[in-house]
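Structure at a glance
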Amino acid sequence: MANDSSAKQPIILSLGPFQGITDFIYRQVFQSQFEGIDKFYTPFFTAIHKADSKNLQGAEIDPKFNNIARLVPQILTNDHSELFHFSNYCAGLGYQEININLGCPYPRVAKKKRGSGLLPHADSLDEILDQYFAGNPLPTGIKCRLGYENPTEIAALAKVFNRYPLSELIIHARTGKQLYKGQVLLDEFAAIVTDLQINPGYNGDIFNTAEFADRAIRFPDVKHFMLGRGILSDPFLAADIREIPVNSDRKQQLYQFVKTLYEQRKAFSNNKPSAIGRMKELWSYLKYSFDEPQVIWRKIKKNNSFAEYEAAVDQIFENHQWIGQGFPSDEEAPDY
Ligand SMILES: Cc1cc2nc3c(=O)[nH]c(=O)nc-3n(C[C@H](O)[C@H](O)[C@H](O)COP(=O)(O)O)c2cc1C
């Protein structure tokens, strides 16, 4: 919904949640070394209603390990009482807002009518939100897609969203069926903006400053852009979008980032090899912003010991150039 004041509001740039990558350690180290991101989301919590659930007891949500003023905890559920329990729990810890995941595309989630699997069932969603909001929860936003099977599903969903006081609505401009592949559906996203009472946030394939500029021109009413794979691949992306000056030696700063992240993951896991696994996940994005992604990936993926991994990282920074903003937009991009 366009209105006169919206044009003057500054934009929000957020970091999308990535299960297995943007955990509390990543978020902490990122915030200490890079600028430009206003808002962070936890990867989704799930199965938190059971009395013996340990899922809410760790550092991932503990305010001691998080900058809670900027962090929105996210939940994946289709159960209004579990949602409400999550809201209460987060309120008790001092959080200001929570987010409902209606975007997760994976078939094992979707077939249980969770994540994007709930999107074809606007009536069920309406019932869940009706009971949930009746309890007066924390401000609550939704992250969704345009639909599961078909982007036309968003029309019925918009009517449901309009009935509730959502704190925000972020739309990844794909369907669940598309997973993370294929074109983003920019026309379908643009078409729904006027049907929504809330100005939606935009998410999908902003991998460089030119793609950000394109989305900002296409969607003049949108004031929140959520970055994803683009910023995993180049952590300077948000600062570059905002034209914030950064360290002139980007490669050196990136080295510090990767090193600190690794050391903290290693320490926190009590020297478990899972720390290397998590770093490999990040390298599967970072590699694209170096000069030779396939060479980098071959060097990283084979390491299973700390010593091998550390030597490979030192070699990469010694022998390769940091280019930046390299995540490939081409859906056919090879997965090295
Ligand atoms: C490995 C992986 C894990 C993800 N985990 C989550 C998650 O926990 N919650 C969520 O809302 N989105 C999750 N996403 C989706 C991203 O936050 C983001 O919406 C998606 O990558 C599209 O944005 P992009 O095109 O800018 O990358 C995940 C995506 C990937 C590839």
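Residues numbered from 1 in each chain as written. Predicted model: local features only at pLDDT ≥ 70, side-chain atom pairs only at ≥ 80, totals over all residues.

**Quick look at helix 13 (residues 306-319)**
An ideal rise of 1.5 Å per residue puts 20 Å on 14 residues; helix 13 measures up with 20 Å between its terminal C-alpha atoms. For helix 13, every residue scored as buried is listed here: Tyr309, Val313 and Ile316. The buried residues of helix 13 occupy an angular sector of 60 degrees when the element is viewed end-on, so they sit on one face. Those residues of helix 13 that are exposed and angled more than 90 degrees off the buried face are Ala307, Asp314, Gln315 and Glu318. Contacts made by the buried residues of helix 13 are with helix 10 (250-268), helix 11 (274-286) and helix 12 (293-301). (Helix = DSSP H or I, 4+ residues; strand = E, 2+ residues; numbered from the N terminus. Expected span 1.5 Å × (residues − 1). Buried ≥ 20, exposed ≤ 12 C-beta atoms within 10 Å, placed from the backbone. Arc of directions from axis to C-beta. Contact = placed C-beta atoms within 7 Å.)

**Let's talk about the nonpolar core**
Judged by nonpolar contacts, the single largest core of 81 residues is most densely connected at Ile75, Ile171, Phe225 and Leu227. When residues in this core are grouped by element, the largest group, seven residues, is from helix 11. Residue-level mapping places this core at the junction of two domains, with at least three residues from each of domain 1 (4-242) and domain 2 (250-319). Ignoring anything within four residues of it in the chain, the contact list for Ile75 reads Phe44, Phe45, Leu83, Phe86, Ile98, Ile100 and Asn101. (Core = buried A, V, L, I, M, F, W, Y, C linked by C-beta atoms within 7 Å. Domains from an automatic or database assignment.)

**A look at the site of the ligand**
Lining the immediate environment of the ligand, one finds 20 residues, of which Gly16, Gln19, Pro43, Gly228 and Arg229 sit closest. When grouped by side-chain class, the residues that make up the shell around the ligand number seven nonpolar, ten polar and three charged. (Near = placed C-beta within 6 Å. Nonpolar A, V, L, I, M, F, W, Y, C, P; charged D, E, K, R; others polar.)

**A short note on helix 12**
Those residues of helix 12 lying buried are Pro293, Ile296, Lys299 and Ile300. Each buried residue of helix 12 lies within a common arc of 130 degrees when the element is viewed along its axis, so the set occupies one face. In this structure, the buried side of helix 12 is in contact with helix 11 and helix 13.

**Some words on the pairing of strand 6 (residues 140-147)**
Taken across its eight residues, strand 6 has seven buried, putting it largely inside the fold. Inspection of the sheet shows strand 5 (residues 98-102) paired to strand 6 by five bridges, in the parallel sense. Within the sheet, the bridge partner assigned to Ile98 lies in strand 6 and is Thr140. Regarding topology, helix 5 (residues 153-161) serves as the crossover connection from strand 6 to the parallel strand 7 (residues 169-175), and that connection is right-handed. (Pairing = 2+ DSSP bridges. Right-handed = clockwise from strand over helix to strand, strands pointing away.)

**Focus on the environment of Ala134**
Here Ala134 lies in helix 4 (residues 122-134). For Ala134 and Phe84, which are 50 residues apart along the polypeptide, the C-alpha to C-alpha distance reads 10.0 Å.

**Here we look at the confidence of the model for the protein chain**
The share of residues in the protein chain with pLDDT of 70 or more is 95%, and the mean pLDDT across the chain is 95. Low confidence marks residues 1-7, where pLDDT is under 50. Its contacts with residues over four positions away, or in another chain, come to eight contacts. (pLDDT = per-residue confidence, 0-100.)

**Focus: the sheet that holds strand 4 (residues 74-75)**
Sheet strands line up and pair through hydrogen bonds in the backbone, either parallel or antiparallel. The strand order 3-2-1-9-8-7-6-5-4 describes an open sheet built from nine strands, whose pairing is parallel. Looking at which strands have only one partner, the edges of the open sheet turn out to be strand 3 (71-72) and strand 4. Running over the sheet, helix 6 (residues 186-193) touches strand 6, strand 7 and strand 8 (201-203) and is turned about 145 degrees from strand 7. (Axes fitted to C-alpha atoms, helices over the stretch in contact; angles between N-to-C directions.)

**Thoughts on the packing of helix 4 against helix 5**
Contact pair helix 4 / helix 5: the axes reach a minimum separation of 9 Å and the direction vectors enclose 15 degrees. The angle between helix 4 and helix 5 falls in the class roughly parallel. Crossing hand, helix 4 versus helix 5: right-handed. Across the interface between the two elements, Ala122, Leu125, Asp126 and Leu129 from helix 4 touch Ala156, Leu157 and Val160 from helix 5. Of the residues assigned to the contact of helix 4 with helix 5, the class counts are six nonpolar, no polar and one charged. (Parallel < 35°, antiparallel > 145°, perpendicular 65-115°, else oblique. Left-handed = near helix turned anticlockwise from the far one by under 90°.)

**A few points about the environment of Val295**
Mapped onto the fold, Val295 is located in helix 12. The class for Val295 is partly exposed, based on 15 C-beta atoms found within 10 Å. The sequence separation of Val295 and Leu76 amounts to 219 residues, and the corresponding C-alpha distance is 37 Å.

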